Amino acid sequence: MTGLTGAVVGGVLAGPVAAVALAGYGLLGARALLRRRAARQADQARRRRLDQLCGLAADLRAGLPVPVAALPDPTGAAGGDADRVDRLTTAAVHLAERTGAPLAELLERIEADTRLGDRGLAAAAAQAAGARATAWLLAALPLGGIGLGYGIGVDPVAILLHTPVGAACTLLTVALQAIGLIWADKLTAMPGRAA
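Sequence order as written defines residue numbering, which begins from 1 separately in each chain. The predicted nature of this model means local features are confined to residues of pLDDT at least 70 and side-chain atom pairs, given and counted, to a pLDDT of 80 or more, with totals for whole chains, interfaces and linings taken over all residues. No hydrogens and no water enter the side-chain calculation; it runs on all heavy atoms of the structure.

(A) Fine view of the overall build of the protein. A run of H or I in DSSP becomes a helix once it reaches four residues, and a run of E becomes a strand once it reaches two; helices and strands are each numbered from the N terminus. Across its full length, the protein carries 6 helices and 0 strands. A burial count over the protein gives 24% of its 195 residues as buried. Note on contacts: a residue pair is in contact if any heavy atoms of the two residues lie within 4.5 Å. Within the protein, contacts between residues at least 6 apart in sequence are counted, and of these 60% link residues at least 24 apart. Counting every atom, the protein has about 12,400 Å² of accessible surface; 68% of that belongs to carbon and sulfur. Burial classes follow relative accessibility: with a 1.4 Å probe on protein chains only, a residue under 20% of its type's maximum area counts as buried, one over 50% as exposed, and anything between as partly exposed. Throughout, the Shrake-Rupley method with a 1.4 Å probe supplies accessible areas, and for residues the shown protein chains are the sole cover considered.

(B) Just the UniProt feature "transmembrane region" (unreviewed entry) in the protein, in detail. UniProt positions are given in the numbering used here, feature names are shortened, and annotations may be inferred rather than shown by experiment. UniProt feature "transmembrane region" (unreviewed entry): in the numbering of this structure it lies at residues 6–28, 135–153 and 159–184. Regarding residues 135–153, the helix share stands at 89% and the strand share at 0%, and the terminal C-alpha atoms are separated by 29 Å. As annotated, residues 159–184 has a helix share of 96% and a strand share of 0%, and its two end C-alpha atoms lie 30 Å apart.

(C) Summary view of a nonpolar patch on the surface. Residues forming no salt bridge and having over 30% relative accessible area are the ones grouped into patches, like charges within 9 Å of each other and nonpolar side chains (Val, Leu, Ile, Met, Phe, Trp, Tyr) within 5 Å. Here, a salt bridge means any side-chain nitrogen of Lys or Arg that lies within 4 Å of a carboxyl oxygen of Asp or Glu. On the surface, Leu-148, Ile-152, Val-154 and Ile-159 cluster together into a nonpolar patch covering about 380 Å² of accessible area. Counting through the fold element by element, Val-154 comes out in the loop between α4 (103–151) and α5 (156–162).

(D) Representation of helix α3 (residues 84–99) in the model. Take the number of residues in a helix, subtract one, and multiply by 1.5 Å to get its expected span. End to end, α3 covers 22 Å across 16 residues, agreeing with the expected 22 Å (1.5 Å per residue, within 8%). Listed in full, the buried residues belonging to α3 are Val-85, Thr-89, Thr-90, Ala-92, Val-93 and Ala-96. Down the axis of α3, the buried set is contained in an arc of 160°. They therefore lie on one face. Residues of α3 that are exposed and angled more than 90 degrees away from the buried face: Arg-98 and Thr-99. Backbone geometry just downstream of α3 places Gly-100 in the positive-phi region, at approximately 80°. The arc in question is the one traced by the directions running from the helix axis out to the C-beta atoms.

Okay, here's the thing in structure tokens:
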């Protein structure tokens, strides 16, 4: 929807080249926002699940009965999309049922291991933030060129949008920026997250 809005606004205000450029930038921006929102929601759901796991282990240590709703589906109805924590919890429940191993201790170990892994991923994300920022800075660099053009007394937007060579440069720039940003996302993606 954002790409279509950008195309309409660009087409009305400055012609077809601006329509394509604004549609491309709109799609890139929408993609970035959707990915950020999805990652935030997945992280929140994961944290909630770990907190529930910690609470479940505390309840077991206190001798309280385990609510069935707190345990993952033992039949594996969630399929291959089941979270690693749920798979480990299911395995721990089966192990405790078969061997009599203390379920509370197994759940605490799963929770501690998962939180340790999360801290490692957070450190890796902090290291990758510099590369991501550099990619976005390089993508914004053409705006500096446009500003420089105005600074020396030329109308670069008119040239870029209304001449054949300028239009080719504009469209090539948008395509290369999109490819570069998507490539940078793939290079800096955290394990277990789609880029």
